[in-house]
Each structure stands twice: as C-alpha cells, then as structure tokens.
Amino acid sequence: MAISRLSQLSMQLRNAEDQEREQNGPAESSYKPLRAASKIRIITIGAGASGLNVIRTLRKHLTNYEHVIYEKTPKVGGTWYENRYPGCKCDIQSHNYQLSWKPNRGWSSSFSPAEEIETYLCHLYAEEDMQNHVTLEHEVVGAYWKENSGHWKVKIKNLKTGNSFEDHCEFVLNASGVPKGVNLQFTLVWPDYGALVEDSKADMGDHASHWQWPEISGLHEFSGTLVHSANWTEGFD
Ligand SMILES: Cc1cc2nc3c(=O)[nH]c(=O)nc-3n(C[C@H](O)[C@H](O)[C@H](O)COP(=O)(O)OP(=O)(O)OC[C@H]3O[C@@H](n4cnc5c(N)ncnc54)[C@H](O)[C@@H]3O)c2cc1C
C-alpha cells in the first residue's frame, strides 16, 4: 500500500517537473557533479602592458571566469602613461618592444617616444575591447589570503571618491610594475599552494610606478621647481 502511494507521488512529481521543463526550459541545478569546473574570479593589479596582456592570455586560455583589473591611474599604459620627461623613450628597439600578437608596423623611429608607446597601448586596449575588464582610478591597497575560505580578500581604494571597499577572488595577479627591491611576496597564487599562511599579505609598496623623491638633504628647501622623471610637470623644460 505504502509502496504504491510512493510510486504515485513520484509519478506526480515527475509530471510536474516535465511540465515545468516544457514551459521554462531545463532548470539550472545547484548540485554539480564531482569534478565539475567552478567559475573562478581573478583580480589583476595594474593595467600597463602586462595587465593588458593578461586580459588577452586569459581570454585565449580560460572559459569559465571573471576578471577585473584595478588600475590606479586614469588611463591604461603604466610606465608609458606616467613617464613623460623630455626625451623619454624605450631603450629596446620598438619592433621588439611591443606585444607579439599586436605588431605595430608604423613606429616613427627605432626607439619610440613614451607618448607613442602609450598611444599604441591605448589603441590596442580599445581595439581589443578590453574596457569591461578594467576599473580605472582604483588602487589596490592590500591583498590578504584567507586560508579558511580559500580565497583572497583584496582592499581597494576608489581614488575618485576616496571610498574603500573589499573584493574577493580565487587568484590575484600582480602586474603592478617592476619592483624596486625583491619585496614582492606573491605574483601568481594558487589557492592550494602549501607555502601560504593564513592572512598573509601581498606587499603593494615600493614599485617603480610608486615614485619617490630621492633622499637628498635640503632637497625640499630648493627654491626652484622640483620635477621627478615619473611625474613630469607638463610643459616644463
Ligand atoms: C623610461 C623607461 C624606459 C623603459 N624602457 C624599457 C625598454 O626599452 N625595454 C624594456 O623591456 N623595459 C623598459 N622599461 C621598463 C618598463 O617598465 C617595462 O618594460 C614595462 O612597461 C612594464 O610593464 P608593466 O605593465 O609590467 O608595468 P607598468 O608599466 O609599470 O604598469 C604597472 C601598472 O600598475 C599600476 N599599479 C601599480 N600599483 C598599483 C596598485 N596598488 N593598485 C592599482 N594599480 C597599480 C600602475 O599605475 C601601472 O599602470 C622602461 C621603463 C622606463 C621607466
């Protein structure tokens, strides 16, 4: 008796499910088979040449992911956006100093000026439709590995509003520029990587893109204009 009641109920449920599927299409199940791939979230720090190349590399090799780059300046280009002192140019010939998948055949000289390299990177950014991945004027101020939950907590400051907030991801990619010392603790981090400790912090300081005045005594008593090669006052000569 109980068995026949159960089979009756299961038949009714199956009919209801069939009807719903006919009306709404297949329902997305919250149960995933063992070893099914999960969507991952990746945060990259910096949208210089390296950050833009990361967008392209991930597009080429990954499918199920979200990717956001936080960039502290108002434009992409990194080194070539920031360094504008007179005569600033690359010291590797331009036909080698470019992304192999986006060759520029129109460099104006063998060692192209900063402005031209930045224009090249901005064109590539627009042409490859990379804007959706980049959040400009947002500085990453800290990244903390949370051992228990197996993800990164990333602290970000919106430089337009001054507000800070947190983001979370499985991977942090550090494309924040050439470090001055060897104090970069992590570049690419895999959650299962055994060497990481709870709440470890990726150090964001002391990079070439975080320029500093040299320690010269009396420097700031100088009565003339002080300019730094990485923060050149436009038009100053
Ligand atoms: C004058 C000059 C000439 C050079 N010439 C050559 C050359 O000829 N050949 C060569 O190989 N290399 C050269 N370099 C080195 C050059 O820096 C690298 O080649 C290349 O530009 C590095 O690109 P990147 O994207 O890794 O870093 P960067 O171009 O430095 O970009 C890093 C980006 O990260 C952002 N960022 C940093 N910290 C944060 C943060 N906390 N939050 C959010 N965003 C952040 C920065 O604003 C920047 O946009 C030169 C450098 C300079 C300054």
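None of these values were measured; they are calculated from a predicted model.

Novice: If you had to explain the sheet that holds strand S3 (residues 134-135) to someone new, which residues and values would you point to?
Specialist: Pairing is parallel across the open sheet formed by 4 strands, whose spatial order is S3-S2-S1-S7. Bordering the open sheet on either side are S3 and strand S7 (171-174), each of which pairs with just one other strand. In the sheet, strand S1 (residues 40-45) pairs with S7 via 4 bridges, with the strands oriented parallel. Bridged to Ile-42 within S7 is Phe-171. Packed on one face of the sheet, helix H2 (residues 49-61) meets S1, strand S2 (65-70) and S7 and runs near 175° to S2.

Novice: Describe in detail the site of the ligand, supporting the description with residues and values.
Specialist: Lining the immediate environment of the ligand, one finds 29 residues, of which Gly-46, Gly-48, Gly-78, Cys-90 and Gly-177 sit closest. Those elements that place two or more of their residues in the shell around the ligand are H2 and strand S4 (138-146). In terms of residue count, H2 provides more of the shell around the ligand than any other element does, 3 residues in total. Its residues placed into classes, the shell around the ligand shows 13 nonpolar, 12 polar and 4 charged.

Novice: Explain unusual backbone geometry residue by residue, including any values.
Specialist: The backbone of Arg-35 shows a phi angle near 70°, a positive value even though the residue is not glycine. Mapped onto the secondary structure, Arg-35 falls in the loop between helix H1 (2-24) and S1. Its 5 C-beta neighbours within 10 Å are what place Arg-35 among the exposed residues. Its identity is not glycine, yet Asp-129 carries a phi of approximately 55°, on the positive side.

Novice: Run through helix H4 (residues 114-127), naming residues and quoting values.
Specialist: If you check H4, its first and last C-alpha atoms are 20 Å apart, about what 14 residues at 1.5 Å a residue would give, namely 20 Å. Three or more residues of H4 are buried, namely Ala-114, Ile-117, Glu-118, Tyr-120, Leu-121, Leu-124 and Tyr-125. Viewed end-on, H4 has its buried residues packed into an arc of 155°, placing them on one side of the element. Away from its buried face by more than 90 degrees, H4 exposes His-123, Ala-126 and Glu-127.

Novice: Give a description of H2 that names residues and reports values.
Specialist: The periodicity of an α-helix, 3.6 residues per turn, causes residues three or four positions apart to be oriented the same way. Over its 13 residues, H2 extends 18 Å from the first C-alpha to the last, a length consistent with the 18 Å expected when each residue adds 1.5 Å. If you check which residues of H2 are buried, you get Ala-49, Gly-51, Leu-52, Val-54 and Ile-55.

Novice: Any chance you could break down the nonpolar core for me, citing the residues and the numbers?
Specialist: The biggest cluster of nonpolar side chains holds 29 residues, and the ones touching the most others in it are Leu-52, Leu-121, Val-154 and Val-172. If you tally residues by element for this core, the top one is H4, at 6 residues. Among residues more than four places away in sequence, those in contact with Val-154 are Ile-43, Val-140, Ala-143, Glu-166, Asp-167, Cys-169 and Val-172.

Novice: Break down the environment of Asn-96 for me, with residues and values.
Specialist: Mapping Asn-96 onto the fold places it in the loop between helix H3 (79-82) and H4. As a C-alpha pair, Asn-96 and Phe-111 span 15 residues in sequence and 10.0 Å in three-dimensional space.

Novice: Which residues make up the confidence of the model for the protein chain, and what values go with them?
Specialist: Averaged over the protein chain, the pLDDT score is 82; the fraction of residues at 70 or greater is 74%. The secondary structure element of the protein chain with the lowest average pLDDT is strand S8 (residues 201-202), at 49, and the one with the highest is S3, at 98. Confidence drops under a pLDDT of 50 for residues 181-201, and excluding neighbours within four residues, the segment shows 28 contacts in the predicted structure.

Novice: Before we move on, can you summarise the pairing of strand S5 (residues 151-158) with the specific residues and values?
Specialist: Two elements, S4 and S5, share 8 bridges in a ladder whose sense is antiparallel. When the sheet's bridge partners are listed, Lys-146 is paired in S5 with His-151. The antiparallel pairing of S4 with S5 creates a hairpin that spans 4 residues between the two strands, and Gly-150 there sits at a positive phi of about 70°. As defined by bridge partners, S5 adjoins strand S6 (residues 164-169) across 6 bridges and the pair is classed as antiparallel. Along S6, the bridge assignment pairs Lys-157 with Ser-164. Counting the residues in the hairpin turn of S5 and S6 gives 5 residues, including Gly-162, whose phi is positive at 85°.

Thresholds, definitions, all that
- Going along each chain's sequence as written, the residues are numbered from 1 onward.
- Since the coordinates come from a predicted model, pLDDT governs what is reported: local features require at least 70, and pairs of side-chain atoms require 80 or more to be given and counted, while whole-chain, interface and lining totals use all residues.
- For two strands to pair, DSSP has to find at least two bridges joining them.
- Elements are defined by DSSP. Helices are runs of H or I of four residues or more, strands are runs of E of two residues or more, and each kind is numbered from the N terminus.
- For the purpose of contact definition, each residue receives a C-beta atom placed from its backbone, and two residues are in contact when these atoms lie within 7 Å.
- Axes, fitted as lines to C-alpha atoms, cover a helix only where it is in contact. Angles between the N-to-C directions of the axes lie from 0 to 180 degrees.
- A residue counts as near a molecule or strand when its C-beta atom, positioned from the backbone, falls within 6 Å of it.
- For this classification, Asp, Glu, Lys and Arg are treated as charged, while Ala, Val, Leu, Ile, Met, Phe, Trp, Tyr, Cys and Pro are nonpolar and the rest, including Gly, are polar.
- Exposure classification rests on a simple neighbour count of other C-beta atoms within 10 Å of a residue's own: a residue reaching 20 or more is buried, one at 12 or fewer is exposed, and one in between is partly exposed. C-beta atoms are placed from the backbone.
- How far a helix is expected to stretch is found by multiplying one less than its residue total by 1.5 Å.
- Working definition: the arc comes from the directions between the helix axis and the C-beta atoms, pointing outward to the latter.
- Note on definitions: a nonpolar core is a set of buried residues drawn from Ala, Val, Leu, Ile, Met, Phe, Trp, Tyr and Cys, linked by C-beta atoms within 7 Å.
- As a per-residue measure, pLDDT reflects the predictor's confidence and takes values from 0 up to 100.

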